[in-house]
Amino acid sequence: MAQVHLKNVVKKYGSLEVVHAINLDIEDGEFVVLVGPSGCGKSTTLRMIAGLEDISGGDIEIGDRVVNDLAPRDRNISMVFQNYALYPHMTVQENLGFSLKIAKFSQSEIDAAVQNAAEILSLTDLMDRKPGALSGGQRQRVAMGRAIVRHPDVFLFDEPLSNLDAKLRTQMRVEIKKLHQKVKSTIVYVTHDQIEAMTLADRIVIMRDGHIEQIGTPLDVFEHPVNTFVASFIGSPP
Ligand code: ADP
Ligand code: MG
């Protein structure tokens, strides 16, 4: 677990500023959802936390370290994307263990971590299958399993459910909530889906045009939207 702090974090692409000095303090073990319309800067913000994008100004802290100049692998984060790329030629077991193998963990350490992740995500009966023989939801569980084998302090999710059909999306929300209760890591989760945000989050962060409009619990934001944009985005009653 770790806190995450964004202090006046700015992102520019050339002369175009797409994230404007945002501030966000995330507690240990908190589930925070960044939500807002397409293009408002959610993925860019997440990718800056992950270290996949340089920041153009400000500071990012994970745990008690400023991570501005740290490579992604040194930040103790795991990221799950929308297009979860599993290795098609490897079994579920091998997919789960691959990052540990690369990091030169011993086979017994790999087996223990993989077994633990498989139990948490109900994958134990699927270990010998290859991704081609899995359903969309099963594949997504393997992708999450790959993220948890390394016990990161912070999980970053970017629209992990948007490729799934509506029914599966609802089921996976429950799975993700359970996962959070079991691993108790800090989670920063990006979605453009208000319902997903409201059901998953301890606190939601509403973004628009590279700004944060409001931060609060789902109920708080629903009942006390700070402006008409937030009210209409969340669907608060007028
Ligand atoms: P969201 O995830 O909320 O849909 P993004 O963070 O992907 O939004 O994008 C925020 C803004 O930054 C958008 O206007 C997008 O076009 C722009 N943008 C994202 N990536 C790049 C890039 N590599 N180069 C230039 N502009 C980018
Ligand atoms: Mg995005």
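Residues numbered from 1 in each chain as written. Chains lettered and ligands numbered in written order. Predicted model: local features only at pLDDT ≥ 70, side-chain atom pairs only at ≥ 80, totals over all residues.

> Help me out: how do you make sense of helix 3 (residues 107-120) in this one?
Residues spaced three or four apart along an α-helix point in a common direction, a consequence of the helix completing one turn every 3.6 residues. The terminal C-alpha atoms of helix 3 lie 20 Å apart, and with 14 residues this matches the ideal 20 Å at 1.5 Å per residue to within 8%. Every buried residue of helix 3 is accounted for by Ile110, Ala113, Val114, Ala117 and Ala118. Buried residues in helix 3, looked at end-on, bunch into an arc of 135 degrees, giving them a common side. Turned more than 90 degrees from where helix 3 packs its buried face, Ser108 and Glu119 sit exposed. Summarising the contacts, the buried residues of helix 3 are in contact with helix 2 (92-102) and helix 4 (136-148). The first or second residue beyond helix 3 is serine 122, which carries a positive phi of 55 degrees. (Helix = DSSP H or I, 4+ residues; strand = E, 2+ residues; numbered from the N terminus. Expected span 1.5 Å × (residues − 1). Buried ≥ 20, exposed ≤ 12 C-beta atoms within 10 Å, placed from the backbone. Arc of directions from axis to C-beta. Contact = placed C-beta atoms within 7 Å.)

> So what exactly am I meant to see when it comes to the sheet that holds strand 2 (residues 16-26) here?
Judged by pairing direction, the sheet is antiparallel, and its 4 strands sit side by side in the order 2-1-4-5 without closing on themselves. Looking at strand neighbours, the two that pair on one side only are strand 2 and strand 5 (65-66), the edges of this open sheet. Looking at chain direction, strand 1 (residues 4-13) and strand 4 (residues 57-62) are connected through 5 bridges and run antiparallel. The residue bridging leucine 6 from the neighbouring strand is isoleucine 60, located in strand 4. (Pairing = 2+ DSSP bridges.)

> How should I be thinking about the site of ligand 1 in this particular structure?
Around ligand 1, the surrounding shell consists of Tyr13, Val18, Gly36, Ser38, Gly39, Cys40, Gly41, Lys42, Ser43 and Thr44. If one sorts the elements of the shell around ligand 1 by residue count, helix 1 (residues 42-50) sits on top with 3 residues. Residues of the shell around ligand 1, tallied by class, amount to 3 nonpolar, 6 polar and 1 charged. (Near = placed C-beta within 6 Å. Nonpolar A, V, L, I, M, F, W, Y, C, P; charged D, E, K, R; others polar.)

> When you look at helix 2 in this model, what are you seeing that I'm missing?
Within helix 2, the full set of buried residues consists of Val92, Gln93, Asn95, Leu96, Gly97 and Leu100. Buried residues along helix 2 sit against helix 3 and helix 4. Positive phi shows up at lysine 104, right after helix 2, with a value of about 65 degrees.

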